[in-house]
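# Analysis of the macromolecular model
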Amino acid sequence: MAVWELFIIAVGLSMDAFAVSVCKGLAMKKMCWKNGWLAGAYFGGFQMLMPVAGYLLGTGFQDKITSIDHWIAFILLGAIGANMIRESFSGEEEADCSFDVKTMLLLAVATSIDALAVGVTFAFLKVEIVTAILLIGATTFVLSVAGVRVGNVFGSRYKAKAELAGGIILILMGTKILLEHLSVI
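Residues numbered from 1 in each chain as written. Predicted model: local features only at pLDDT ≥ 70, side-chain atom pairs only at ≥ 80, totals over all residues. Heavy atoms only, no water.

### Thoughts on the overall build of the protein chain
When you go through the protein chain residue by residue, the secondary structure sums to 6 helices and 0 strands. Written out in order from the N terminus, the α and β elements of the protein chain read α-α-α-α-α-α. Residues counted as buried form 45% of the 185 residues belonging to the protein chain. Of all intrachain contacts in the protein chain linking residues separated by at least 6 positions in sequence, the fraction that spans at least 24 positions is 93%. Taken as a whole, the protein chain presents about 9300 Å² of accessible surface, with 70% of it coming from carbon and sulfur. (Helix = DSSP H or I, 4+ residues; strand = E, 2+ residues; numbered from the N terminus. Buried < 20%, exposed > 50% of the residue type's maximum accessible area, 1.4 Å probe, protein only. Contact = heavy atoms within 4.5 Å. Areas by Shrake-Rupley, 256 points an atom, 1.4 Å probe, with all protein chains shown as cover.)

### Notes on helix 4 (residues 101-125)
An α-helix turns once every 3.6 residues. As a result, residues three or four positions apart point the same way. The end-to-end C-alpha separation of helix 4 is 34 Å, in line with the 36 Å expected for 25 residues at 1.5 Å each. Most pronounced at S112, the bend in helix 4 amounts to some 45°. For helix 4, the side-chain oxygen to backbone nitrogen distance between the N-cap and K102 is 3.1 Å, and the N-cap itself is D100. Trailing helix 4 by a residue or two, K126 shows a phi angle of about 55°, which is positive. (Expected span 1.5 Å × (residues − 1). Bend = angle between axes of the 7 residues up to and from the residue. Polar contact = N/O pair within 3.5 Å; in protein donor to acceptor, adjacent residues only side chain to side chain.)

### Side note on the packing of aromatic side chains
For the coordinates displayed, the defined rule picks out 1 aromatic pair. Directly above the aromatic system of F99 lies the positively charged group of K24, at a separation of 5.1 Å from the ring centroid. (Phe/Tyr/Trp six-rings, centres within 6.5 Å; stacked < 30°, edge-to-face > 60°. Lys NZ or Arg CZ within 6 Å of the ring centre and 35° of its normal.)

### Examining the nonpolar core
If you look at the biggest cluster of nonpolar residues, it comprises 17 residues, and the most contacted ones within it are A39, F43, M104 and L107. Breaking this core down by element, the ones donating at least two residues are helix 1 (3-27), helix 2 (33-57), helix 4 and helix 6 (160-181). No other element matches helix 2, which puts 4 residues into this core. Setting aside residues no more than four positions away along its own chain, F43 makes contact with A17, V20, S21, M104, L107, A108, T111, T140 and S144. Judged by nonpolar contacts, the second largest core, of 14 residues, contains A10, L116, I129 and I136. (Core = buried A, V, L, I, M, F, W, Y, C linked by side-chain atoms within 4.5 Å.)

Quick look at the structure:
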């Protein structure tokens, strides 16, 4: 597989992490680059680890992984999105812009489930896994940091509406993943 093809796959896998990073940036009152780098590290790191795990699982578990990945992503993103929507209506002064370990781990897992299945595919295609995961990780890192910044520029003006939008985005993203895998769209 050519590097440009791996890059296209990397960008595609990074889009969920980018969208979630935008949502995290929406909730931040003031841009904190440390949080941007943290989002990049979590999302980029998991986007690197999941294809390796999928690659190691190989063909024996492909059907089991792909049969439930969409449900896991749907449930995690839906729950996180619903919580963001609830908080947007709570009347609190500040939106939840938490970058704590529990929150970030859940988001990182939810946005990298598809990368697990891609890793299985890489095993079938005999892709050079080191090159692939480095490209996927770096692309996701850069897009996640940029997403936090983009979200913060937008969110600093709109606060509660921004968190509501972020919650809706997460729920729609989870629904889209579910519907794609159920072959509805």
